Amino acid sequence: MSETPTPNKKLIAVCGKGGVGKTAFTAMTTRVLLESGKAGKLLLIDADPAMGLPNALGINVRRTMGQVRENIIQTARRGKKEEKVQLVDMLDYMALEALNEMDDFALLAMGRTETLGCYCPVNDLLRGTIETLSKSFDIILIDGEAGLEQINRQVMRRVDTLIIVSDATSRGIQTAALIQKMAQNEKVIQCEKIGLVFNRVLGSEELLKQSALEIGLEVLGYIPHDENIAHHDLVGKPITDLPATSPGLAAVRKIIENSVLK
Ligand SMILES: Nc1ncnc2c1ncn2[C@@H]1O[C@H](COP(=O)(O)OP(=O)(O)OP(=O)(O)O)[C@@H](O)[C@H]1O
Ligand SMILES: [Mg+2]
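Note that this is a predicted model, so its numbers are computed, not measured.

A. Summary view of the environment of Ser 259. By the secondary structure assignment, Ser 259 is in the segment after α11 (247–258). Sequence spacing of Ser 259 and Thr 161 is 98 residues, and the spatial spacing of their C-alpha atoms is 8.7 Å. Looking at Ser 259, its side chain comes within polar contact range of the main-chain oxygen of Ile 255, at 2.7 Å.

B. A look at helix α9 (residues 205–214). Those residues of α9 not exposed but buried are Leu 208, Ser 211 and Ala 212. All buried residues of α9 project into a common sector of 105 degrees when viewed along the axis, lining one side. Relative to its buried face, α9 has exposed residues pointing more than 90 degrees away, namely Glu 206, Leu 207, Leu 213 and Glu 214. Considering only its buried residues, α9 is in contact with α8 (170–184), β7 (190–201) and β8 (219–224). Among the residues of α9, the N-terminal cap falls to Ser 204, whose side-chain oxygen and the backbone nitrogen of Glu 206 are separated by 3.2 Å. Just past α9, the residue Gly 216 takes up positive phi, approximately 75 degrees.

C. Inspection of the pattern of salt bridges at higher detail. For the structure on display, the rule yields six salt bridges. Notably, a salt bridge pairs Glu 35 with Arg 253, separated by 3.1 Å at the nearest N-O pair. Of the two residues, Glu 35 sits in helix α1 (residues 22–36) while Arg 253 sits in helix α11, which places them 218 residues apart along the sequence. Accessibility expressed as a relative area gives 46% for Glu 35, which makes it partly exposed. Residues joined by salt bridges that share partners form a network here, namely Arg 31, Glu 35 and Arg 253.

D. Inspection of unusual backbone geometry at higher detail. Residues other than glycine seldom take positive phi values, yet Met 51 does so here, at roughly 55 degrees. Met 51 sits in the partly exposed class, given a relative accessible area of 24%. Unusually for a residue other than glycine, Lys 187 sits at a positive phi of about 55 degrees. Counting through the fold element by element, Lys 187 comes out in the loop between α8 and β7. Among the residues examined, Lys 187 registers a relative accessible area of 58% and is labelled exposed.

Parameters at a glance
- Residues numbered from 1 in each chain as written.
- Chains lettered and ligands numbered in written order.
- Predicted model: local features only at pLDDT ≥ 70, side-chain atom pairs only at ≥ 80, totals over all residues.
- Heavy atoms only, no water.
- Helix = DSSP H or I, 4+ residues; strand = E, 2+ residues; numbered from the N terminus.
- Polar contact = N/O pair within 3.5 Å; in protein donor to acceptor, adjacent residues only side chain to side chain.
- Buried < 20%, exposed > 50% of the residue type's maximum accessible area, 1.4 Å probe, protein only.
- Arc of directions from axis to C-beta.
- Contact = heavy atoms within 4.5 Å.
- Salt bridge = Lys/Arg side-chain N within 4 Å of Asp/Glu carboxyl O.

So this is what it looks like as structure tokens:
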């Protein structure tokens, strides 16, 4: 039987500017957690409506929260009074309907809502679902939407570890600083621990360390630019199938061992 992880490191959210490697990092973390044998019951949440995570994991998603929400709306519209009364219970039931269960983990994808122009109701649904499902899983790993919007909308009210991913650009670091400010000064999201991961690092780690220090963020680690990751994305192979010798994977292993699994 696999060991269960430290209970206070359970809810982990990955956030950061668009295109910095949040999804690649989440997929590599999944592989590392599963290989460690310490993942316990693992739930992955793709909180990005663009849904990159299922591809990075090599999974076909059966149903999304967005589709579940449409069903709820349809039921409410045609529903008789009694049906509407039951809607509240249905929320839990339908969230479970959207859960994709694999052999060694489960995946919940937020997906898109068919009502144009607004993601907020799905965000609300997601918030409730994260709270409900957190009782049944040992680790929940969330691949967030790019930028600050979901943090602003408090899709997660609290997380144990907030991992901010940045590339080696000042815009990436600025976004990280804004997220950190929202979490620490404005208390938009409560977190036990916040850390910064630099991804696609080619140059000096020292310079990056310095800029993290300036914004008051602890660096959890540096992931090098890894041709294997770029290649897997190009040919459509799951990131979780990276060769064991991939430098990116080794860097993520070190980060996760020193933060989440410590
Ligand atoms: N360490 C790395 N080395 C090489 N390429 C990388 C690395 N990390 C990510 N990439 C590439 O960068 C691109 C963006 O990565 P990814 O999709 O993970 O970013 P993201 O932050 O999830 O983006 P989005 O904000 O659109 O969700 C992908 O093409 C991916 O293959
Ligand atoms: Mg992504």
